[in-house]
Amino acid sequence: MLWETILLSLRAIRRNALRSSLTVLGIVIGVAAVITLVTLGSGATAKVTADIAAMGSNMLQVRPGQVFGGPGGARLSTVPFESADAVAIAREIPGLRAVAPVSSRSAQAIYGNSNWATTATGSTNAYLEVRDWPLAMGRPFTDGEVRAGQAVCILGHTVHRELFSGDDPLGATIRLGKIAFKVVGVLAAKGLSSFGTDQDDVVLIPLRTLQRRITGRTDVGTIMVSAADGDSTAKVQADLTRLMRERRRIGLDQEDDFTVRDMQEIVATLTGTTRVLTALLGAVAAVSLLVGGIGIMNIMLVSVTERTREIGTRLAIGALERDVLLQFMVEAVVLASLGGLCGIALGLAGAALGTRLLDVPFVFSPGIVAAAFLFSGAVGVIFGFFPARQAARLDPIEALRHE
Amino acid sequence: MSSARATSSPPPLIELQGVTKVYGHGQAAMVALHGIDFRIGRGEFVAVMGPSGSGKSTCMNILGCLDTPTGGRFLFEGVDVGRLTRDQRALLRRHYLGFVFQGFNLLNRTSALENVELPLIYRGIPARPRHHAARRALAAVGLSDWERHSPGELSGGQQQRVAIARAIVTRPAVLLADEPTGNLDSARSVEIMELLTAFNRDQDITILMVTHDPEMAAYAGRQIHFRDGRILADADGKERQ
C-alpha cells in the first residue's frame with residue numbers, strides 16, 4: 001500500500017511538473033546552499049590545516065620581543081638572539097628533533113641575464129628538518145660549509161624556475177647582491193603559505209654566510225624548534241620560556257621580552273575560526289530550507305483545495321482518513337526529498353566550482369549530504385502534515401459538491 | 001415477535017426506519033427529512049425522484065453512508081449505520097457500495113485503467129489481479145480500446161462508462177448513481193441506462209439512482225418520489241402502468 005502510494009504521488013508530481021518544480025525550488029536552493037557552503041567551509045579548514053602542516057607541524061618559533069595584537073602585530077624592539085641561544089636550546093631542552101636559528105634579508109638574485117628579487121634565508125641544515133622540507137635535487141650543506149660560512153646556496157623552487165627556467169642549476173654560480181654563491185641543491189616545491197606568500201621564493205644559505213657577507217651582524221631573527229613526534233609542544237613551550245628567561249636574565253617580576261609561538265595553537269585557532277564560519281553559513285542556509293518548507297506547505301494547501309473533488313471521490317470510494325492523510329504526506333515527503341536530491345546534486349556541483357575558484361580542496365562530507373537529505377524529508381513531513389490533515393478531514397459530501 | 005422474525009429470515013439489504021435529518025440548530029434548524037420508512041431488497045433497481053430540496057439528495061447521502069441520520073435508523077444488512085464511526089462507514093463503502101456521479105469525478109490526467117483500479121487499490125488487491133479485474137470491467141462497459149486514455153481524451157458518455165466500470169469493478173452489493181445521465185445527451189443516456197440495467201440484471205447489483213428524467217426512471221423497477229422531506233409515492237413499475 002505504501003509503495004502504491006509512493007508511485008501514486010510520483011504520478012501526481014509528474015502530472016504537475018512545472019508547479020512541482022516551483023514548489024520545491026526553495027528546498028533545492030536551501031539544500032544546495034547548505035551543501036555548497038559547508039563543503040567550501042570544510043575545504044577552507046582543510047587547506048588551512050594542510051598549509052600549516054606544510055610549514056612544519058610540531059614547530060615552535062621563538063622570537064625576540066613581545067608581539068601585540070596577534071601575528072603581524074607591533075613588536076617591541078629588544079635584545080636580539082644569537083647563534084649561541086640556538087646552541088643552548090639544543091643542548092638544554094630534551095625532546096627536540098631539531099633547532100634552527102634563522103635570519104632573513106631581501107636580496108637580488110642574478111644568474112646570467114636573469115634577475116629576481118627574493119629573500120636570502122640564513123640557517124643550518126636543521127632548517128630543512130624543522131620545516132619538514134625535502135630537497136628536489138642536490139645535497140644539503142656540509143658541516144664545513146655551515147661552520148666556515150662558505151658561499152653556497154640551496155634554491156627555492158620559484159627562484160630555480162625564474163633564474164634557470166628549469167635547467168639544471170647544480171654547480172652553477174649565482175650572485176646575491178655582490179657575492180657569488182655556488183648552487184648545491186634545490187628545495188622541493190611547497191606552494192603558498194596560508195598567509196598567501198610564496199614559500200618557494202627563497203634562497204637558503206648558511207647562517208654564518210648571511211651574517212658575515214650580507215648583513216654584517218651576528219643577530220638571529222628567529223629560532224625555529226621542532227618537537228620530537230608525539231612530544232607535547234606545551235611542555236617544550238614551557239621549557240623554552242624558562243630557558244630563555246634564564247639566558248636573558250629576566251627578573252621574576254618582569255614580562256618576557258621574547259615570544260614563543262606554537263604552530264599547533266595557531267592551527268587550532270585558525271581551524272576553530274573557519275569551523276565557526278562554516279557553522280554560521282550552514283545555519284543561514286538552514287533558514288532558507290525552512291523557508292522552502294513553508295513554500296511546500298503553501299502549495300500543498302493549494303493542491304488540497306484544487307483537488308477537493310478528487311479527495312471527495314476517494315473518500316466516497318472507500319478511502320479511510322488515514323489513506324488520504326498518507327497520500328498527501330507521502331506526496332509532500334516525496335516532493336521534498338526529490339527537491340533535496342536536486343539540491344544535493346546542485347550543491348555538490350556548486351561546491352566543485354567554488355573550490356576550484358577559491359583554490360581550496362574539495363572535501364566531500366557524506367554526513368552533511370545525508371543530513372541535508374534527511375532534513376528535506378523532515379521538512380516534507382512537518383510541512384506536509386497540516387495540509388494532509390486538512391485533506392483527510394474533508395467531509396466527503398461537501399468535497400464532492402465542491403466546484 | 002419481530003425479533004423472532006428477524007433471526008429466522010435474513011434482514012433486508014436496506015431498511016430505513018423513521019429516518020429524520022435536521023441541519024442546523026434552534027431557530028435556524030432546517031428539517032430535510034421528516035421520518036422516512038422504506039425497504040429495498042437485493043437486486044432491486046430503484047429510481048429516486050423529486051424536485052430539488054425534496055430531501056432525495058439527503059436520503060441518498062445517508063444511503064451512501066456518507067451521512068448519518070439525525071433520528072431513526074438506517075440498517076444496512078441489519079447493521080445500524082448511524083452507530084458506525086467515520087472510518088467504519090468508509091470501510092462499508094469500500095466493500096459494499098459503488099458510486100456513479102453526475103460529474104463523473106474521474107481523476108484527471110490518469111488513464112481509464114488506473115481510474116478503474118482505484119477502488120481495488122484501497123481494497124489492497126495486488127497489481128496483477130487488479131489490472132485483470134480493471135480490464136474486465138472496462139470491457140464490460142465496452143471501452144477495452146480506451147484503457148490508456150485519460151478522461152480529457154474521452155467523450156462525456158465514455159467518461160461516465162469509465163466511472164461505471166470503476167463502480168462495478170469491486171462487484172458491490174449496491175450501486176448508487178446520482179443523476180448519472182444528467183450531463184449527457186439522450187442517445188448517450190440510453191446507453192448508460194442500458195449498461196446499468198444489464199449490471200442490475202446479470203450481476204445482481206442493487207441500483208439506487210437519483211434522476212429528474214421520467215424516461216430514465218422508467219428503466220427502474222421501482223420509483224420513490226420525494227417531496228418536502230417526505231415520500232410522496234413509492235410504486236413499482238407494474239403498478240404504475
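Just so it is clear, the structure is predicted and the values come from calculations on it, not from any experiment. (Residues numbered from 1 in each chain as written. Chains lettered and ligands numbered in written order. Predicted model: local features only at pLDDT ≥ 70, side-chain atom pairs only at ≥ 80, totals over all residues. Heavy atoms only, no water.)

### Focus: the overall build of chain A
The helix and strand tally for chain A stands at 13 helices and ten strands. The C-alpha atoms of chain A give a radius of gyration of 33 Å, which is well past the 22 Å a tight globule of 403 residues would have. Oriented by its inertia axes, the alpha-carbon framework of chain A measures out at about 105 × 55 × 35 Å. Of the roughly 18,900 Å² that chain A leaves accessible, carbon and sulfur atoms contribute 61%. One way to put it: in chain A the 38 positive side-chain charges average out to a point 3 Å from where the 35 negative ones average out. (Helix = DSSP H or I, 4+ residues; strand = E, 2+ residues; numbered from the N terminus. Rg over C-alpha atoms; globule rule 2.2 N^0.38 Å. Areas by Shrake-Rupley, 256 points an atom, 1.4 Å probe, with all protein chains shown as cover. Lys, Arg positive; Asp, Glu negative; His and termini not counted. Charge placed at Lys NZ, Arg CZ, Asp CG, Glu CD.)

### Re the overall build of chain B
Within chain B one finds nine helices and ten strands. Taken over the C-alpha trace, chain B has a radius of gyration of 18 Å; the compact-globule value for 241 residues is 18 Å, and the two agree within 12%. With the C-alpha coordinates aligned to their principal axes, the bounding extent of chain B is approximately 55 × 40 × 40 Å. Taken over 241 residues, chain B has a buried fraction of 51%. Considering only intrachain contacts with a sequence separation of at least 6, the fraction spanning at least 24 residues in chain B is 69%. Chain B carries 28 positive and 25 negative side-chain charges, and their two centres are separated by 6 Å. (Buried < 20%, exposed > 50% of the residue type's maximum accessible area, 1.4 Å probe, protein only. Contact = heavy atoms within 4.5 Å.)

### Concerning the packing of helix H6 (residues 156-168) of chain B against helix H7 (residues 186-202) of chain B
Helices that pack against each other are described as a pair by the angle of their axes relative to one another and the distance between those axes. Residues and elements named next belong to chain B. Running from N to C, H6 and H7 cross one another at 15°; their axes reach a closest spacing of 10 Å. As summarised for this structure, H6 and H7 are arranged roughly parallel, according to the angle between their axes. Remark: the crossing between H6 and H7 carries right-handed chirality. Counting all contacts with H6, which are made through Gly 157, Gln 160, Arg 161, Ile 164 and Ile 168, the residues of H7 involved are Arg 188, Glu 191, Ile 192, Leu 195, Leu 196 and Phe 199. Partitioned by chemical class, the residues of the contact of H6 with H7 number six nonpolar, two polar and three charged. (Axes fitted to C-alpha atoms, helices over the stretch in contact; angles between N-to-C directions. Parallel < 35°, antiparallel > 145°, perpendicular 65-115°, else oblique. Left-handed = near helix turned anticlockwise from the far one by under 90°. Nonpolar A, V, L, I, M, F, W, Y, C, P; charged D, E, K, R; others polar.)

### What to know about helix H8 (residues 233-247) of chain A
Residues and elements named next belong to chain A. Between its first and last C-alpha atoms H8 spans 21 Å; for 15 residues at 1.5 Å apiece the expected length is 21 Å, and the two agree. Buried residues of H8: Thr 233, Val 236, Gln 237, Asp 239, Leu 240, Leu 243, Met 244 and Arg 245, and no others. Phi for Arg 249, located one or two positions after H8, is positive at around 55°. (Expected span 1.5 Å × (residues − 1).)

### What about the interface of chain A and chain B?
It is common to give the size of an interface as the accessible area lost on bringing the parts into contact. On the chain B side, the residues contacting the 26 residues of chain A number 24 residues. Each partner contributes to the roughly 2,300 Å² buried at the junction of chain A and chain B, and carbon and sulfur atoms together form 54% of this total. Looking at the side of chain A facing chain B, the largest losses of area belong to A:Arg15, A:Ile317 and A:Ile397, adding up to 26% of the total buried there. Put simply, chain A and chain B have twelve residue pairs in polar contact (both at pLDDT 80 or more) between them. For the side of chain A that touches chain B, the element with the most residues is helix H10 (residues 308-317) of chain A, which contributes seven residues. Of the residues that constitute the side of chain A that touches chain B, the class distribution is eleven nonpolar, four polar and eleven charged. (Buried area = accessible area lost by both parts, 1.4 Å probe. Polar contact = N/O pair within 3.5 Å; in protein donor to acceptor, adjacent residues only side chain to side chain.)

### Points about the sheet that holds strand S1 (residues 14-23) of chain B
All names here are of chain B. The strand order across the open sheet formed by four strands is S2-S1-S4-S5, and the pairing between neighbours is antiparallel. What marks the edges here is a single partner per strand, and that holds for strand S2 (30-40) and strand S5 (79-80). Across the sheet, helix H2 (residues 56-63) lies against S1, S2 and strand S4 (71-76), angled at about 120° from S1, the strand it touches most. (Pairing = 2+ DSSP bridges.)

### Regarding the sheet that holds strand S6 (residues 97-100) of chain B
Residue and element names in this part refer to chain B. Judged by pairing direction, the sheet is mixed, and its six strands sit side by side in the order S6-S7-S8-S3-S9-S10 without closing on themselves. Each edge of the sheet is formed by a strand with only one pairing partner; in this case those strands are S6 and strand S10 (230-236). Recorded for the sheet is a direction-independent mean angle of 15° between the axes of neighbouring strands. Direction of pairing for S6 relative to strand S7 (residues 174-178): parallel, over a ladder of four bridges.

### Brief notes about unusual backbone geometry
Residues and elements named next belong to chain B. Phi is positive for Asp 204, close to 60°, though the residue is something other than glycine. Along the polypeptide, Asp 204 turns up in the loop between H7 and strand S8 (206-210). At Asp 228, a residue that is not glycine, the phi angle is positive and equals roughly 50°. With respect to the helices and strands, Asp 228 occurs in the loop between strand S9 (222-227) and S10. Taking the relative accessible area as the measure of exposure, Asp 228 reaches 54% and is therefore exposed.

### Focus: the domain arrangement of chain A
When the domains of chain A are assigned, the result is domain 1 (2-51 + 268-401) and domain 2 (96-229). Computed from C-alpha coordinates alone, the two centres of domain 1 of chain A and domain 2 of chain A are separated by 56 Å. (Domains from an automatic or database assignment.)

### Describing the pairing of strand S2 (residues 96-111) of chain A
All names here are of chain A. Relative to strand S9 (residues 222-227), S2 runs antiparallel, the two being bridged by six bridges. Bridge pairing in S9 places Leu 96 opposite Ala 227. With nine bridges joining them, S2 and strand S3 (residues 114-123) adopt antiparallel strand pairing. Pairing of Ser 103 across the sheet is with Gly 122, part of S3. Taking the residues between adjacent antiparallel strands as the criterion, S2 and S3 are bridged by two residues, where Gly 112 takes a positive phi near 60°. As paired elements, S2 and strand S6 (residues 173-176) share two bridges and run antiparallel to each other. Across the sheet, residue Ile 110 finds its bridge partner in S6, namely Arg 175.

### A short note on the pattern of salt bridges
Residues and elements named next belong to chain A. Applying the stated rule across the entire model yields 30 salt bridges over all chains. The closest approach of N and O atoms between Glu 145 and Arg 139, which form a salt bridge, is 2.7 Å. By relative accessible area, Glu 145 is classed as buried at 6%. Judged by its relative accessible area of 29%, Arg 139 is partly exposed. In this structure, Asp 219 and Arg 217 form a salt bridge, with 2.7 Å as the shortest nitrogen-oxygen distance. The exposure class of Asp 219 is partly exposed, given its relative accessible area of 23%. Among the charged side chains, a salt-bridge network with shared partners connects Arg 307, Glu 310, Arg 314 and Glu 331. (Salt bridge = Lys/Arg side-chain N within 4 Å of Asp/Glu carboxyl O.)

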